[in-house]
Amino acid sequence: MARAASRLTVLAEELLSEPLPVRIRAWDGSESGPPGAPVLVIRHRRALRRLLWKPGELGLARAWVAGEIDVEGDLYEVLDRIAGLLWDRGADAKDAVHPVRDPAVRAFAAGLLQLAGPWPPPAPPAEEVRRRTGPLHTRRRDKQAISHHYDVGNDFYALVLGPSMVYSCAYWQDGGTLEDAQRDKLDLVCRKLALKEGDRLLDVGCGWGSMAIHAAREYGAQVTGITLSQEQATHARKRIAEAGLTDRIEIRVQDYRDVRDGPYDAISSIGMAEHVGSVRYREYAEDLYALLKPGGRLLNHQIARRPEKDEGAYRIDAFIDSYVFPDGELAPVGRTLATLEEAGFEARDVEAIREHYALTLRRWVTNLERHWEQAVRATSPGRARVWRLYMAASALSFEHNKIGVNQILAVRPLEGGSSRLPLRTRAWKEETGG
């Protein structure tokens, strides 16, 4: 008898104490829920076993990556409706289902158990990071984490990112294209750093070389770009050669902790510091400070989370840690500013561009969906599903102010305290202060 969807709807509504905001279609062909609402498709009851085995976000993520659950309709709307229930309760997705907490949750788990079918649960999808050991943020472990995220195929990233090959927040104006917005972001960074002909620029986490190329071609900088991804480095070097800039740009596969050829006139770190981790962030700040000449500027472009009432309670997001950015950590912008200043920097400007990242992510999702079959061939169905969910959910998180992104301009002051910045810094002109 086809009734799994109705049973799931009843269980969910009893747990939530309110109507389910989406419609459910189950593996037995049954449907239930509000007419006209977007549809959560549960293709196989294995998804329920995953949820019982790993309650909350990780179990759902495994089912999504494996293709056992899907969405029919607007993915953003489904995610927004489901996340809205959690946010309204002040709960995190990782806490949404836990079979020992209260009677309603235990009843929900018991109902799922009846529908889930025989145990044990299936193995995690191949795209999940396998068990990690040893201390966080050693050179070896960081290299493995970077490889998991970035070495999934340059062809895949080209489909998602577009011709700019920039994997960080763009800087939008009304009516602009993604490529326009990414060019404007790179140019904004160069202007904040006051780059000029012959300046030595260290680009930490250089990606596929876009910042290095822009700084060398448009501002005449001598650029050293570093990355831990061999695939990124190979692609960046190819682009640099095609642009005729091999005399101005060097790309290294190197950890920031191993750079010893300072001083540099300027340092850009765009979307890299999220990988550093709280246990290494002071070291990161001190290393960059040591690599700058007095009067040199740092532009740190970094995603930030909202502060916790109890910072000791902060936990890395289970889905992102297991499938997207292994060992990645977000910090509140205030903590980042404090650490940079503790290392000796003077923070001179903070620009919050949170809404810009939501726009950027939505464009990337559109690119992925438009080129879905090519993206699947370039990597795997599961990997493509990881990126679609990650980017769509992240766009909503930026829109709802759950996370943000900031450009921090900092300077290594000269002896005596001079910053050499103009009185009206926001003009971003190549002026020299006293």
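Owing to the predicted nature of the structure, the values given are computational and were not obtained by experimental measurement.

Draft legend 1. The arrangement of the confidence of the model for the protein in detail. With 94% of its residues at a pLDDT of at least 70, the protein reaches an overall mean of 91. Contacts of residues 88-101 to residues separated by more than four positions or lying in other chains number 24 contacts, the stretch itself having pLDDT below 50. Here residues 430-434 is modelled with pLDDT under 50, and outside its nearest four sequence neighbours on either side it reaches 13 contacts, counting other chains as well.

Draft legend 2. Fine view of the packing of aromatic side chains. Overall, the coordinates contain 16 aromatic pairs when judged by the stated rule. Taking 6.0 Å as the distance between ring centres and 90° as the angle between the ring planes, the aromatic pair formed by Phe156 and Trp387 counts as edge-to-face. One end of the pair, Phe156, is in helix H7 (residues 154-161); the other, Trp387, is in helix H16 (residues 381-399), with 231 residues separating them in the sequence. Like Trp387, Phe156 is buried. An aromatic cluster is defined as three or more aromatic residues linked by ring pairs; in this entry it consists of Phe156, Tyr157, Tyr167, Trp208, Phe325, Tyr357, Trp364, Trp387, Tyr390 and Phe398. Cation over ring: Arg305 sits above Tyr314, and NZ or CZ is 3.8 Å from the ring centre. Over the ring of Tyr76 we find Arg362, and its NZ or CZ is 3.9 Å from the ring centre.

Draft legend 3. Fine view of the sheet that holds strand S4 (residues 69-72). The strand order S2-S1-S3-S4 describes an open sheet built from four strands, whose pairing is mixed. Whereas interior strands pair on both sides, the edge strands pair on one side only; in this sheet they are strand S2 (31-32) and S4. Looking at chain direction, strand S1 (residues 23-25) and strand S3 (residues 39-42) are connected through three bridges and run parallel. Bridge assignment links Arg23 to a residue of S3, and that residue is Val39.

Draft legend 4. How the structure looks around the pattern of salt bridges. Per the stated rule, a full pass over the model turns up 34 salt bridges. Between Arg183 and Asp184 there is a salt bridge, and its shortest N-O distance comes to 3.2 Å. The shortest N-O distance in the salt bridge between Arg217 and Glu218 comes to 3.1 Å. Using a relative accessible area of 46% as the deciding quantity, one classes Glu218 as partly exposed. A single salt-bridge network, built from bridges that share partners, covers Arg23, Arg25, Glu31 and Glu72.

Draft legend 5. Representation of the pairing of strand S6 (residues 222-227). Counted residue by residue, S6 has five buried out of six residues, so it is predominantly covered. Two elements, strand S5 (residues 200-204) and S6, share five bridges in a ladder whose sense is parallel. Pairing of Val204 across the sheet is with Ile226, part of S6. Crossover handedness for the path S5 to helix H9 (residues 210-219) to S6: right-handed. Following the chain from S6 across helix H10 (residues 230-242) to the adjacent parallel strand S7 (residues 249-253), one finds a crossover that is right-handed.

Here is what the cut-offs are and how they apply
Residues numbered from 1 in each chain as written. Predicted model: local features only at pLDDT ≥ 70, side-chain atom pairs only at ≥ 80, totals over all residues. Heavy atoms only, no water. pLDDT = per-residue confidence, 0-100. Contact = heavy atoms within 4.5 Å. Phe/Tyr/Trp six-rings, centres within 6.5 Å; stacked < 30°, edge-to-face > 60°. Helix = DSSP H or I, 4+ residues; strand = E, 2+ residues; numbered from the N terminus. Buried < 20%, exposed > 50% of the residue type's maximum accessible area, 1.4 Å probe, protein only. Lys NZ or Arg CZ within 6 Å of the ring centre and 35° of its normal. Pairing = 2+ DSSP bridges. Salt bridge = Lys/Arg side-chain N within 4 Å of Asp/Glu carboxyl O. Right-handed = clockwise from strand over helix to strand, strands pointing away.

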